Structures are given as C-alpha cells and as structure tokens.
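A look at the structure
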Amino acid sequence: MPSASLGATTAASAPVAAPAAPVTPAAVGGRNAMPVASAPLAGTASSTPAISPAAVPPTAAGAPALAPSPARAGASAAASAGAAAGATALPAAAGSGSVAPAAAPSGPLFPANGAKDICPDVSLHLFFDAAPSLGSSGKISVFSQSGSAVAVVDMATTQVSETVGGVQLQQPRPVLVRDREVVVRLPKRLDYGQEYYVTVDASAIKSAGAGMTLTDKNAWRFSTRSGPPSDASKLRVALDGSGDFCSVQGALDATPARGAKTEIDIGPGTYFELVHASGKSNVTLRGADRKRTVILGTNNDNLNGGTAKRALVSIDGSQNIQIEQLTIHNLTPQGGSQAEALRLDKCEQCVVRHADILSLQDTLLWTGRIYANDCYIEGNVDFVWGYGAAYFDKCEIKTVGRAGYVVQARNMPGAGGYVFVDSKITAGSGISKIVLARIDAAEYGGSQVAYVNCQMGDHIAPEGWTVTGGGGSGLRFWEYQSTNASGAPLDVSRRHAASKQISADQAQKLRDPAQFFGGWNPPR
C-alpha cells in the first residue's frame, strides 16, 4: 500500500522462482505398470511397500510450520526466505500426526489410478521415496477420454494466467514440492461426469538424480463425479476428494450471489491456491482448526498490479461473510511488493475469528464493517490498512522481519477507522522502533486508529505515531492505558503531538462494537 509521499518501502520484487536445470529423459516402464526410471514413486514395486512418514502429505503430518507465537515468526521468515531464493517448495510440515491420515491424499498417485467420483477441481499429487525436484522443460498434462489435452502445465514457464472467481490473474507456475511430494494445481477445472488420463514428460520431475516418465494412457486414469452437489447450503472441501470440492475456490464458485445462508467446511490440509469472490452474502468459511487448515500461496503487486488483484484471498462487495478457524499465508518475500493475505473490500457486517493471517507488506486490506476476534496478524509495512471500519478484539498484531508501521487508516473524517481493544501489539526478537500508525494528514486528515487497553512494550517507538503533510489536528490517533507485557503502564510522555491519550468515557464507548459500527453488534 504505499504511497510515495509516505515513503513506503516498495523494493523491487525478487525474481520469479527459477525452475531447476533440465534432466535427462528416463526410460519408460511397461504397459499398465507405473512407469518410472530411477525416480521411484512411493509405494510402487521399486520402492518401499509402505509410504514412509516423510512422504505423508501435509494434511496427515499437520499444517505448515506456523507454530503459535512467538515461533510463528520463524516459520513466516523461513517461507519468505525460500520464496526470495526462488524455491519451489512449500514450508516443511510440522506436528505429530494428529490429523487422521484418511483425510489426506495418499500415494503413489492421487487421484489413484482408476479412481472414480473425483471432484472436478482436484489437484494432482505424486509421492516419491526420495525428495523430488522440478525440471525446466516438459509438461504435465491431463487429457480427456477422446485424447484432447484439457489442462496442461508447461514446466518451461515461470508464470501462468488463470481465471479465479471471474478475475484474470497471473500466478507462479502451479507446481510445488513438499518433502517427498509434488503438488500440481491444474490451471483449469475439469468437467463433471468425464474420464481423464494424465501424462508426465521425463524432464518435468526428477528424483534420485533421474526423471520419471508417465506416457501410458492406462497408467493414471480417473473419472469425475456425475454432477455438482444438489444442496449448496452446506458444502465440504477436502483435499482427498471426499468432500463436495477439493478447493476453497471451487466451493465459493458454487455459492449463489446474494443467496441464502451457505456454510463451507474446509477440511484439514494445505490448500495451495488463490481465492477470489465477489457479490456473496451469508457465507461462512470454516476451517477444521487454525493450525490444520491453511490457505497458502504467492500473490503480490508485481504479479497482479493493483489492490483488486494482488491479495491471496480476496472478497469484494459482499455482506455477512464469516471466516474462521484457519490460516491464510501469502508467501511473498520481503521486498516482493505489496501482498495482502486477506482483502475484504466493501465487506458489510463481516467477521473474522480464530484465524492466523500472515504476510509482510499490507497483510490486511479491510474496508466496510469488519469485526475480528482472537486473530493473529503478522507483517511489517502498513500491514493493517484500508478505509475502515475494522474492530480488533483480543487479537495479536505482530511485526516480523524488520521494523515498520502497523496501521495506515484512510477513513474519511467522522467515519470509523481501526480500533484495537484488549489486544497485543508484539514484535519479533530484536525488532524495535515500531510505529503504531502513519498517515499523510493533508490527504487523510480524519484518520482514526485507537488502541484501548492494549499490551505493547519498548519495541514501540517513543513517539508512537508518524504524521506527514501537516499538523494533523483532525486526526484521531488515540491510546488508552497502554501497558508493557507485565501489565505496567507505558511511558507515553513522548508521543506525537497529534496523538491523544483519551479519557475513560471515550475508551468505554470504543469498547462497544455496536456503537463503533453504528448499530451492528457482531456475533462474539
């Protein structure tokens, strides 16, 4: 987000992930056998009889390494460092296998050869005995029964263009490696009631120093279910195909615009996708658990310029949306440009609860009337921003990676901005001089940011706030009884002159969400 007048850090993005060097084509296996060279798939005759623990997909091994604070920051930094280095690997799995393996795709191939009743938005999964890597040539292709290529991933490309929720978006090549698994997100949804087969060129994927080849039409076949769910009021998303859809976007696309109440339950696992929806109402997106249901991917202003396209999850012009019990993580690295994890634009009476939302620059862009409860928000440059109104109740707002600015509120004079109540404003180890909010007062003279009974600490810059473009006499940069981690009052004597320590009566009014939102009392 970031206007030049505010001096926002918008360093050039790291180059798009570079694929690995080409590999030598491998020999082809016999007909009706899994064709492999010296890159055996897990569970095939040339490999161990059972899938080793490292080959179990993310769902079975737990969510990505996004441990509770303060360890969360390390996971985010590791993922960002990997993206900056051009890695094509997802963050390593963590956990103790508390998720039932039946909830996960299983190898050596998913969908399994001969599988039926598969959801049309399925991703392909391949499991190996040794860690695989990706090539820079060859294709992974899905063909219809008649032999027409319907979905092709060209490994020679670094970006693809896809339509997501009716919006055309550029995305990194949709093939990733995680442990001993390769995940291929298809660039096109398949049709209902059809049979398909998959081929893999020898140079596309390699393991143990050699490529794998899959050319036999009968080696990897599956068929999709006969039609969409008859009842769209309650939908289930599951990576293993046991739900109505395999992707969050697939379920959102099935919900009617401005329709009746729809509940979308998202099973445990890591969903590698971008999500975009508009004109929805009365929709709940509910994960299995904030640590086990993870929407993960890369999107930013360098890939898709402008606020309407650059978020990982974006919901526009909607009302009564609830998002809960999941993680949303934009993997864009530091310096990779603005990269919202969750964009809620003109979202009326929307609720986000029990969720972890991670990025670096511009993590949240929220506009409308939005209530957040028990959320963990991570970033470092204007990572909570927009035009208001947003209310954060008992949330943790953590600066990671470098010092920066927490909020930039662009609300109009008299309109609600961004209020934090009973929340923690924290920082990663060694990070200091964090600014609570910044604004150009000449352009947004009515900006409102308030911290009521929030825990902060010495990592907050003594002046607390940054104001440019004038004196800021109309600003509402407010604090009430800020404390350190031990509960002792902070020294606020050096706060910026445009800010104010408000009275108990003013603070009590801000404690009432219904009063802040002009009558709407969000569910808590």
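The paragraphs below set out a description of the structure included in this document. (Residues numbered from 1 in each chain as written. Predicted model: local features only at pLDDT ≥ 70, side-chain atom pairs only at ≥ 80, totals over all residues. Heavy atoms only, no water.)

All right, on to the side chain of aspartate 393 then. Here aspartate 393 is to be found in strand β25 (residues 381–393). Taking the relative accessible area as the measure of exposure, aspartate 393 reaches 8% and is therefore buried. Beyond its immediate chain neighbours, meaning those up to four positions away, aspartate 393 contacts Tyr371, Ala372, Asn373, Asp374, Val421, Ser423 and Arg524. (Helix = DSSP H or I, 4+ residues; strand = E, 2+ residues; numbered from the N terminus. Buried < 20%, exposed > 50% of the residue type's maximum accessible area, 1.4 Å probe, protein only. Contact = heavy atoms within 4.5 Å.)

Tallied over the entire structure, the rule returns 14 aromatic pairs. Taking the centre distance of 5.8 Å and the plane angle of 55° together, the rings of tyrosine 391 and phenylalanine 516 count as tilted. Here tyrosine 391 is found in strand β25, whereas its partner phenylalanine 516 is found in helix α5 (residues 513–516), with 125 residues between them in sequence. For tyrosine 391, a relative accessible area of 1% corresponds to the buried category. A residue is classified by how much of its surface remains accessible, and phenylalanine 516, at 15% relative accessible area, is buried. Through a chain of ring-to-ring contacts, the aromatic side chains of Trp366, Phe392, Phe420, Tyr451, Trp465 and Phe477 assemble into a single cluster. Geometry around phenylalanine 272 places arginine 185 over its ring, the cationic atom sitting 4.9 Å from the centre. A cation sits over an aromatic face here: arginine 438 above tyrosine 405, 3.9 Å from the ring centre. (Phe/Tyr/Trp six-rings, centres within 6.5 Å; stacked < 30°, edge-to-face > 60°. Lys NZ or Arg CZ within 6 Å of the ring centre and 35° of its normal.)

Here we take up the sheet that holds strand β1 (residues 109–110). One open sheet accounts for four strands, arranged β1-β3-β10-β9; its pairing is antiparallel. Of all strands in the sheet, those bounded by a partner on one side alone are β1 and β9 (175–178). (Pairing = 2+ DSSP bridges.)

Next up on the list: the pairing of strand β3 (residues 124–127). The alternating pattern of β3 places Leu124 and Leu126 and His125 and Phe127 on opposite faces, both of which are buried. Inspection of the sheet shows β1 paired to β3 by two bridges, in the antiparallel sense. Within β3, the position partnered with leucine 109 by the bridge is leucine 126. By the bridge criterion, four bridges tie β3 to strand β10 (residues 181–184) in an arrangement that is antiparallel. Looking at the pairing, phenylalanine 127 lines up with glutamate 181 of β10.

Position of glycine 114 among the secondary structure elements: in the loop between β1 and β2 (115–118). Given a relative accessible area of 46%, glycine 114 falls into the partly exposed group. Sequence separation between glycine 114 and tyrosine 196 is 82 residues, and the spatial gap between their C-alpha atoms is 9.8 Å.

In a disulfide, the sulfur atoms of two cysteines are covalently bonded to one another. Tallying each qualifying case throughout the model produces two disulfides. Across the disulfide, cysteine 119 is cross-linked to cysteine 246 (sulfur-sulfur distance 1.8 Å). Pair noted here: cysteine 119 is in the loop between β2 and β3 and cysteine 246 is in the loop between β15 (234–237) and α3 (248–254), with a separation of 127 residues, a long-range link. Just as cysteine 119 is buried, cysteine 246 falls in that class too. Between the sulfur atoms of cysteine 347 and its disulfide partner cysteine 350 the distance amounts to 2.0 Å. Every disulfide takes its handedness from the sign of the S-S torsion; for cysteine 347 and cysteine 350 that torsion is -90°, giving left-handed. The two residues cysteine 347 and cysteine 350 agree in class, both being buried. Sequential numbering of the bridged cysteines in the protein chain gives the disulfide pattern 1-2, 3-4. Take cysteine 375: it sits in no disulfide, and the sulfur closest to it among the cysteines is that of cysteine 395, at 4.6 Å. Taking the relative accessible area as the measure of exposure, cysteine 375 reaches 3% and is therefore buried. Unpaired in terms of disulfides, cysteine 454 finds its nearest cysteine sulfur in cysteine 395, a separation of 9.6 Å. (Disulfide = S-S within 2.5 Å.)

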